[in-house]
Amino acid sequence: MAIANSGAVPFDDDLDGNLDIDPDDITEVEMARQKIKQLMHEQERAADYEDRLTRKLQRLDADLASKREQVEGLQRSLNLERNKFAEEYRSEKRERETKAKTQEERIREYLTEVLYTKPKQKEKRGEFHLDTVLVSFVKPNESFRYNLAFRVDSGTTVAQLRNSACKYWGVSSEYFILRTMANNKCQDDNKVKDCFKQGEIAQLRLEMKRESAEPPSEEELKAIQPKSKKRAGNRSKGKPRYNAEGVEQIQKFVENYANQLKKMGGVFFLLKLRDSKPSEHAGKINLRNILIYTALVILSGYVYVVRRPVGEAYWCAKGIQDYLLVSTPRLGGATGSCTGAMGLDRQHCVPGFEDVQTFDDIWDWLNYTVPEIFWVDEPTSPILHTYNQLLGYFSIRVQNVKEPTTPTEFCANNAKLVADFNALADDGNNLSISCFPRALSDANRRTDAYPEISSYWRNQTMQSQGDSLAVVRGLSDPGLFRSKELNRERHGISNIEGLIDTYDASGYSVDYRMTVSDPDEHIRIQYRSDLQVFRDAGWIGTTTRVVIMSFSTYNHDYDVWTASDFLFEIPPDGDLMPSFSVKPFKPRIYETRDELTFTYIDYVRLAIAIYILIFVGWAERQHKVRNHKAGFYYHISLSGITDLGLVICIFVTVVWRTVVFHDPPTASYIELADDQDRVNGFRSFRQLAWEYNTVFILDGIVMVFLMYRMITFFRLSHTIYLQWKAIGQALKAFIFFTLIFVPAIAGFIVVSTALFGKYILGFSSLMRTSVSTFKLTHGDLHPNILDRDVVVGVISAMALYLLLTFFLMNVFITIFVDAYYVIRLTCTQPAEKWDGQRIRSWALPGVCVSMFQAVWPSQVEGRD
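Everything in this summary refers to the structure shown in the same document. What you are looking at is a predicted structure, and each value in this text was computed from that prediction instead of being measured.

Cut-offs and rules
- Residues numbered from 1 in each chain as written.
- Predicted model: local features only at pLDDT ≥ 70, side-chain atom pairs only at ≥ 80, totals over all residues.
- Heavy atoms only, no water.
- Pairing = 2+ DSSP bridges.
- Helix = DSSP H or I, 4+ residues; strand = E, 2+ residues; numbered from the N terminus.
- Axes fitted to C-alpha atoms, helices over the stretch in contact; angles between N-to-C directions.
- Core = buried A, V, L, I, M, F, W, Y, C linked by side-chain atoms within 4.5 Å.
- Buried < 20%, exposed > 50% of the residue type's maximum accessible area, 1.4 Å probe, protein only.
- Contact = heavy atoms within 4.5 Å.
- Salt bridge = Lys/Arg side-chain N within 4 Å of Asp/Glu carboxyl O.
- Patch = residues over 30% accessible without salt bridge, like charges linked within 9 Å, V, L, I, M, F, W, Y side chains within 5 Å.
- Areas by Shrake-Rupley, 256 points an atom, 1.4 Å probe, with all protein chains shown as cover.
- 1 Å grid on protein atoms, 1.4 Å probe; cavity = no way out; pocket = protein on both sides within 12 Å on 5 of 7 lines; lining within 4 Å.
- Points joined across faces, edges and corners; volume = space filled by probe spheres on them.
- Nonpolar A, V, L, I, M, F, W, Y, C, P; charged D, E, K, R; others polar.
- Disulfide = S-S within 2.5 Å.
- Bend = angle between axes of the 7 residues up to and from the residue.
- Parallel < 35°, antiparallel > 145°, perpendicular 65-115°, else oblique.
- Left-handed = near helix turned anticlockwise from the far one by under 90°.
- Phe/Tyr/Trp six-rings, centres within 6.5 Å; stacked < 30°, edge-to-face > 60°.

Next up on the list: the sheet that holds strand S1 (residues 132-138). Pairing within the open sheet is mixed, and its 4 strands lie in the order S2-S1-S4-S3. At either margin of the open sheet sits one strand with a lone partner, and together these are strand S2 (145-151) and strand S3 (176-180). Neighbouring strand axes in the sheet, compared pairwise and without regard to direction, differ in orientation by 30 degrees on average. Pairing analysis gives 7 bridges linking S1 to S2, with the strands arranged antiparallel. Note that in S2 the partner of Phe137 across the bridge is Tyr146.

Here it is in structure tokens:
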């Protein structure tokens, strides 16, 4: 059918949207095109709708799957709850059955052992009985040795035993043979018991045959030749029924191997060593603890340095010593004329403190040196008061022993001898002798008063009424004895240690104000007149055992106080031993802003110490437990000792500073020392100074513990870890050899005390001899040793040098070198590689590491 031209028929829109028109009714081209477009549009709409339905269906399927999983999970939980008791019952039943089965097997093993153990049979004379043979086997391409015991009887042959062993290990008997431990091949037709000598260990080795074209030697043939019953009767009784010479010659090398190896001690020792177990020390070292201990080191070092600057205590003490140890001119002598060589002129100069040798020197030092230091009216040069504030009074205290009522009252072991001397003295009109107490004690200490001194002192103090700052005399009556309890309570006097003995706070004492309003000549005249009265009354004499001059100062440049004590010890032999002690201190450390900052730092250190005690200690003990050791081993290790030591020291220092140096304020101490109201007089701060310096000693011990604890963290380095183990290995031998040398050193100390103690102070007691011996090992030979006895001195020095420096030191070096090589050979664990991944997993917490791996998984996989 022909279609008309489109130009003849106009475009009609009546067909838009009418898709039900029969295609045969469409007679125009434009209408057909319009129809096609409508169909294509409808197809696209249908496809889009289908796609939406598909996506919706997928979502519904996903929701359905989720709901199904949830329902299934609930059903499983419900089933578990329903079957919980049944499962528990079945589990208990299985456990009971397992226990019953194990018990039955154990009973069966015991019964088997009883049933199949052959009873002991009577052995025929000249023969030995063999019922068990141990067969050793090393599988090809393996190094582990397997051992298996086989039952044999008198008729078991080598072939039967070989077949059984090969069948057990699953190898062919054609390629394996049995050899004795002496490397002898066992023939198949031999009896098993004929392969061993009397007393030889019944052990054979299953080895693969070695293809060898060489025939067996005659010695080997003789050695493996079976026993013959016919020839057995021809042998004489007691001779062996085998070729002993061939066997011994074949076994010569094998049997002598161990003996030859023992001659080479180092090689034999190394072969016996086993590899050390892999160390787990790196597992307990973490970055958190390193940072905490490092912070503690920094804080402790900072607080120590700023609280006690370098050289401050030395220069404060040196300033006091330089003024009191020098020689001074007597009355009428020119100032400065007693320096240098002129200081030895005792007619014009008073000996320096350390050069005092007699009682007259003591009185001269008290008469001329002391007033020229404290009471200078118009000084022409800097004096002690120029750089230091003199606090209140200085005190002169003496301790005397009782005079004997009879010549032999205080004689310890020589009373009869003294009585005999006195009897001879009476006959010859010579002076008698008496024993005085050797040392001070409560039984022989003089406590009765000096009446003439007390009377004089009361008269003088009654005349000296007026301005308290103008009165130089204190309240203490030098004629009355004061007990140690009274002096400790009112004057703060404590025990003081000298070169010879330790002296308590009791004694006869006199006080003088150091800072008076008018320090002119009449002050020194009063002072010297008092000392003359004391001297005439025998205040210091043959019964005196110690004279102590004490005072306190404050250096305003360094802001440091000092407690000074100068002693003259007088033993009963008539000698005189001067010594002194100048202790810098601060009475209060909580006043300025900086001091409060240091206090807060102490509290931070205390918090860190508590953390170490609780958390670090718990972690260390758990680490020991995880490595199958008791947690107590941590407390006896170096880490535990250092941790516990530094915790105790920090706790003690913080509490000590808080209790002692918190109250009262410094102004109260100044008022107490100055005593302007003349209530107590002299005040000693020696005990406070001792506590102040002892706290700093504890701070130093804390640093020692911290340094050793920090070394334990450096064991992350494999080199330092090996050296650490080597030191621990060598320490055992060190202790052993030290105990060996202790008797020799003790004997040398006793002999040196006996030889040189009678004329050298450094060897007068065992303690001083120990110190002098230590100096002698470093080349510090006391010159008096050679002056007194050259031969004995040289022999002693050479013997001690050879014993300690040459022999003992070289022994210790050898021990350490040997321990180091042993550790290097036995510690086969390779050094851990510290790459970025290892450092990150070690330094960061596990949560941070997991987050890093989740964010950058590709980098982690690339490193792996």
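With that settled, the discussion passes to the nonpolar core. Within soluble globular proteins, side chains that are nonpolar generally end up buried alongside one another. Among the nonpolar cores identified, the biggest contains 44 residues, and Trp365, Phe374, Phe394, Trp539 and Phe551 are the most heavily contacted of them. At 8 residues, helix H11 (residues 359-374) tops the list of elements feeding residues into this core. Aside from chain neighbours lying at most four places away, what touches Phe394 is Val370, Phe374, Trp375, Val510, Asp511, Tyr512, Met514, Tyr527, Met549, Ser550, Phe551 and Phe682. Counting 39 residues, the second-largest nonpolar core is a separate cluster that includes Leu296, Val647, Phe661 and Leu688.

The next subject is the pattern of salt bridges. Going through the model one piece at a time under the given rule, you end up with 30 salt bridges. Between Arg445 and Asp504 there is a salt bridge whose closest N-O contact spans 3.1 Å. Placement of Arg445 in the loop between helix H13 (415-428) and helix H14 (451-463) and of Asp504 in the loop between strand S10 (502-503) and strand S11 (508-513) is noted, with a sequence separation of 59 residues between them. The exposure classification of Arg445 matches that of Asp504, with both residues buried. One salt bridge connects Arg657 with Asp602, and the closest N-O pair in it is separated by 3.9 Å. Pair noted here: Arg657 is in helix H18 (residues 638-660) and Asp602 is in helix H17 (residues 593-626), with a separation of 55 residues, a long-range link.

We now examine a nonpolar patch on the surface. On the surface, Ile610, Leu613, Ile614, Phe615, Leu644, Ile648, Phe651, Val652, Val655 and Val659 cluster together to form a nonpolar patch covering roughly 900 Å² of accessible area. At the level of elements, H17 and H18 are the ones that each hand at least two residues to the nonpolar patch. Structurally, Ile648 is set in helix H18. Residue classification places Ile648 among the partly exposed residues on the basis of a relative accessible area of 45%.

Using a probe with the size of a water molecule, rolled over the atoms, empty space left in the structure can be pinpointed. The final tally for this structure, using the stated rule, is 7 cavities of 30 Å³ or more. As a volume, the largest cavity reaches approximately 80 Å³. Residue lining of the largest cavity: Ser395, Arg397, Ile493, Ser494, Ile496, Ile548, Ser550, Asp565, Phe682, Ser684 and Arg686, and that is the complete set. Secondary-structure elements contributing two or more residues to the lining of the largest cavity are strand S8 (393-400) and strand S12 (544-555). When the residues that make up the lining of the largest cavity are grouped by side-chain class, the tally is 4 nonpolar, 4 polar and 3 charged. Here the second largest cavity is characterised by a volume of approximately 70 Å³.

With that out of the way, let us pick up the state of the cysteines. The tally for this structure, following the rule as stated, stands at 1 disulfide. The disulfide partner of Cys411 is Cys435, and the gap between their sulfur atoms is 2.0 Å. Where Cys411 bonds to Cys435 through sulfur, the torsion about that S-S bond is close to 90 degrees, and the disulfide is right-handed. Here the residue Cys411 occupies a position in the loop between S8 and H13, and Cys435 occupies one in the loop between H13 and H14, the gap between them amounting to 24 residues. The two residues Cys411 and Cys435 agree in class, both being buried. Not engaged in a disulfide, the cysteine Cys186 finds its nearest cysteine sulfur in Cys195; these two sulfurs lie 3.6 Å apart.

Turning next to helix H21 (residues 718-756). A maximum bend of about 30 degrees is found in H21 at Phe741, where proline Pro743 lies one to four positions downstream. Those residues of H21 that sit buried are Tyr721, Leu722, Ala726, Ala730, Phe741, Phe748, Ile749, Ser752, Thr753 and Phe756.

Regular strands place side chains that alternate from one sheet face to the opposite one. Of all 6 residues that make up S11, 6 are buried, and the element is covered over most of its length. With burial as the criterion, each face of S11 is covered, one bearing Tyr508, Val510 and Tyr512 and the other bearing Ser509, Asp511 and Arg513. As paired elements, S8 and S11 share 6 bridges and run antiparallel to each other. Paired with Arg397 across the strands is Ser509, a residue of S11.

With that settled, consider the packing of helix H9 (residues 287-307) against helix H20 (residues 686-713). Two elements in contact, H9 and H20, have axes separated by 10 Å at closest approach and are oriented at 150 degrees. One finds that H9 runs roughly antiparallel with respect to H20. Considering only the axes of H9 and H20, their crossing is left-handed. Residues Asn289, Ile290, Tyr293, Thr294, Leu296, Val297, Ser300, Gly301, Tyr304 and Arg307 of H9 form the contact with H20, whose participating residues are Tyr692, Phe696, Asp699, Val702, Met703, Leu706, Met707, Arg709, Met710 and Phe713.

Turning our attention to the packing of aromatic side chains. Centre distance and the angle of the planes are the two values used to describe a pair of aromatic rings. The full count for this structure, using the stated rule, is 40 aromatic pairs. Taking 5.8 Å as the distance between ring centres and 70 degrees as the angle between the ring planes, the aromatic pair formed by Phe137 and Phe176 counts as edge-to-face. Of this pair, Phe137 sits in strand S1 while Phe176 sits in strand S3; the two residues are 39 residues apart in sequence, bridging distant segments of the chain. With a relative accessible area of 1%, Phe137 lands in the buried category. With a centroid separation of 5.4 Å and an interplanar angle of 85 degrees, the aromatic rings of Tyr168 and Trp169 are classed as edge-to-face.

Quick look at the pairing of S3 now. Among the 5 residues in S3, 5 count as buried, and that is most of the element. Along S3, one buried face is formed by Phe176, Leu178 and Thr180 and the opposite face, lined by Ile177 and Arg179, is buried too. Relative to strand S4 (residues 203-208), S3 runs antiparallel, the two sharing 5 bridges. Opposite Arg179, over in S4, you have Arg205 as the bridge partner.

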